[in-house]
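One-letter residues, chain by chain:
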Amino acid sequence: MPVVKLETLERTPYEGGREFGDVGAYERIDAIVHYAVDPGNKVNDGVTDLALAERGEDGLVHFSGDTTILRPVNPGRANDTLLMQVPNRGGRSVARFNLTPVAPVTSSAVLVGDGFLFEQGWTVAWAGWQWDVPETAERYRIGLRPPHVRKDVLTPTSQMQIRIQPNHHRACFTLTDQHVGDLGHHKPIPPADINDPEARLLVRDAPYADPVLISRDKWRFANDVDGRPVSDDEHIWLDGGFEPGRIYDILYTPRDCPVVGASMLATRDLASFLRYADVSPLGGSVKHVIGEGQSQCGRFLRTYLHFGMNTDEAGRAAFDGVLAHIAGGRRGEFNHRYAQPSVQPTPSFGHLFPFADLSQTDPVTGQTSGLLDRHREAGNLPKIFYTDTAAEYWRGDAGLPHTNLESGGDAELPDNVRRYLFASSQHGPGEPELSNQDNAGKTGANWFNFVDYRPIYRAALTNLRAWVAEGEAPPESIYPRADRDSRASRAEVMQKLASIPGLHLPNHDVITTMREIDIGEQTSQGVGDMPAKIRSGVYPDFVSTVDMDGNECAGIRMPDVTVPVGTHTGFNPRHPDTGGVGQLLEYVGSTLPFAKTAEERKATNDRRPSIAERYESRDAYLGEIRKAAEELVVTRYLLARDVELCVQIAGERYDLCTL
């Protein structure tokens, strides 16, 4: 088995031995996993550069990663299912299931929240998979120490790309991805040669605009010290500084070359070890495994499936089910030379066809393939839930996996797949506040979307487990569809929203639209000058239709979207003060509350009825919320236990908009 050793670092009672309902107490195991994989085994063929990696005397490729496991002390009370979470940027979090805040990056704690997962008897584990996660002695974040490509086989001209779009003027940046604020701070990626004459810095004014080459004498690998550049292989400095809103691409050859695709092996092989191995710390108590990942990690799971990685070296399935959340139609930089797992916005390998599960022909490139082709041929295809918010649709890609690119109609979904849109929500659960700034430095032209979709997300997990473990068919897929007249282009929806006073819309001619990227023959090498090679084809950008209030019609509506106190969208343009006017902010949507009274509404010529015109009182409003929640329970999009939670969520937002 590829896991040759589980080196336990600490084994402690979780939450001081707290009892979780009938399941009882949990324990926490922190360990280092030692892997040895066979580059000659056919199931590993999909891993780029694995055959070129350094090997041990046994002919195997060795590497290690971190893990944290939470298991019931009494497995007989558990639900026989392992939730194998792909850790987002090294964090261990059950926030979207247990309703906790996201733990700070300076803590290794797994916050317990309301204890939902543990009361339900889930075993939870995280496999460190990301090579560029920063390492600390306290193990605040878990990661992977990957194998490396042998120096003698590297192509000297291979390059990688880092993209920067500043929100404020700055003289220099660290050589790593910049877009996630406190969750970032990934390892800097030093150049092989600080004076590399082939390194380039490009600038453009929109994601797919033609780039302009910045002269090499205007920038350097350096840090800004007291206003002056000082040579430094972890920073890039630009004469005059980086301008807000403009998009910069740095292209250079890195010093080191990890086998980035080993991340998929670590995820697969730890899941198999915990499930099948006689020496597993779970002691044979797990019968089913569900892989779950959010955002970056949902895209990772789509990549994992695309490369057919769910079959281990013994021919067994690692995952029975996969829950890929807020991944849209993208994958990521998880399996090519010089890939950066931390990257999201950069047009790159994660933005390429195929998007849909079943095979279809791309009218732009002529390529014919499907995301799940490898597994449909080889077997061990898991049951899959894809869940997205309006934000993934509005950034231009989430409609592609269910669009027939040849006919323009709906693409067929496989029998093993369900797809759900969480209507009128944004990438992350909304907070009960009116704010247009976040900890990543983003500032929106509108208030950020405050819809909290977590109750329907944990219902999705419960439904997937019932499908995997008990054979109970899940609720019907629900997403924007041509055959139900519930989809439209972004331009069509913006035209309908344009009459709402105070709602700032993106400029349709500058918002990011998914386009085919010409990567030539560079799949196993670097990104090269790929950002400048954009084909002329533009993919369709379907989103949900909206009602008279501007809220989405397709998808699962949270009760406070069905019974609203405002308009909630999946888009939010950049604030003019941060440059890039009209471009979409990644991840965030908008909320524009209704007027409180008819007088306020008439003063702005708002066609949306005011809160006072809609609801006689707070109690009457919450009564309608409870009814909408109970209807979701009947359709199994919401758990009965969470009806009162939905009432609480709606009440907080009602108060915010009326007080």
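A brief structural summary. (Residues numbered from 1 in each chain as written. Predicted model: local features only at pLDDT ≥ 70, side-chain atom pairs only at ≥ 80, totals over all residues. Heavy atoms only, no water.)

Topologically, T567 is positioned in strand 27 (residues 566–569). Within polar-contact distance, the side chain of T567 engages the side chain of R608 at 2.9 Å. When residues no more than four places from it in sequence are discounted, the contact partners of T567 are I500, D549, G550, N551, S590, T591, L592, F594 and R608. (Helix = DSSP H or I, 4+ residues; strand = E, 2+ residues; numbered from the N terminus. Polar contact = N/O pair within 3.5 Å; in protein donor to acceptor, adjacent residues only side chain to side chain. Contact = heavy atoms within 4.5 Å.)

Taken in spatial order, the three strands line up as 8-14-11 in an open sheet, and their pairing is antiparallel. Whereas interior strands pair on both sides, the edge strands pair on one side only; in this sheet they are strand 8 (170–174) and strand 11 (219–220). Where strand 8 lies against strand 14 (residues 235–242), four bridges are found, and the strand directions are antiparallel. When the sheet's bridge partners are listed, T174 is paired in strand 14 with H235. (Pairing = 2+ DSSP bridges.)

A complete count under the given rule lists 42 salt bridges for this structure. Of the charged contacts in the structure, one is a salt bridge between D642 and R458, with a shortest N-O distance of 2.9 Å. Within this pair, whereas D642 is found in the loop between helix 12 (618–634) and helix 13 (643–658), its partner R458 is found in helix 7 (residues 454–470), the two being separated by 184 residues in sequence. By relative accessible area, R458 is classed as buried at 1%. Three or more residues joined by partner-sharing salt bridges are found here, namely R28, D30, D66, E135, R139, R145 and K187. (Salt bridge = Lys/Arg side-chain N within 4 Å of Asp/Glu carboxyl O. Buried < 20%, exposed > 50% of the residue type's maximum accessible area, 1.4 Å probe, protein only.)

Moving on: the packing of aromatic side chains. Ring pairs (aromatic) are described by centroid distance and by the angle formed between their planes. If you walk through the whole model with that rule in mind, you get 25 aromatic pairs. Taking the centre distance of 5.4 Å and the plane angle of 70° together, the rings of F221 and Y252 count as edge-to-face. With F221 in the loop between strand 11 and strand 12 (222–225) and Y252 in strand 15 (residues 247–252), this residue pair connects regions lying 31 residues apart in the sequence. Take F221 and Y252: they sit in the same class, and that class is buried. Between Y621 and Y654, the ring centres sit 4.9 Å apart and the planes meet at 25°, which makes this aromatic pair stacked. Of this pair, Y621 sits in helix 12 while Y654 sits in helix 13; the two residues are 33 residues apart in sequence, bridging distant segments of the chain. An aromatic cluster of at least three residues, connected via ring pairs, comprises Y14, F20, Y26 and F118. (Phe/Tyr/Trp six-rings, centres within 6.5 Å; stacked < 30°, edge-to-face > 60°.)

Assignment of secondary structure puts G396 in the loop between helix 6 (390–394) and strand 21 (417–422). The buried category is assigned to G396, whose relative accessible area is 4%. Ignoring anything within four residues of it in the chain, the contact list for G396 reads R490, M514 and P540.

For the rest of this paragraph, the subject is the pairing of strand 12. Pairing analysis gives four bridges linking strand 12 to strand 13 (residues 228–231), with the strands arranged antiparallel. Looking across to strand 13, one finds that V225 is bridged to R228. In sequence, strand 12 turns back onto strand 13 through a hairpin of two residues, with D226 there showing a positive phi of about 55°.

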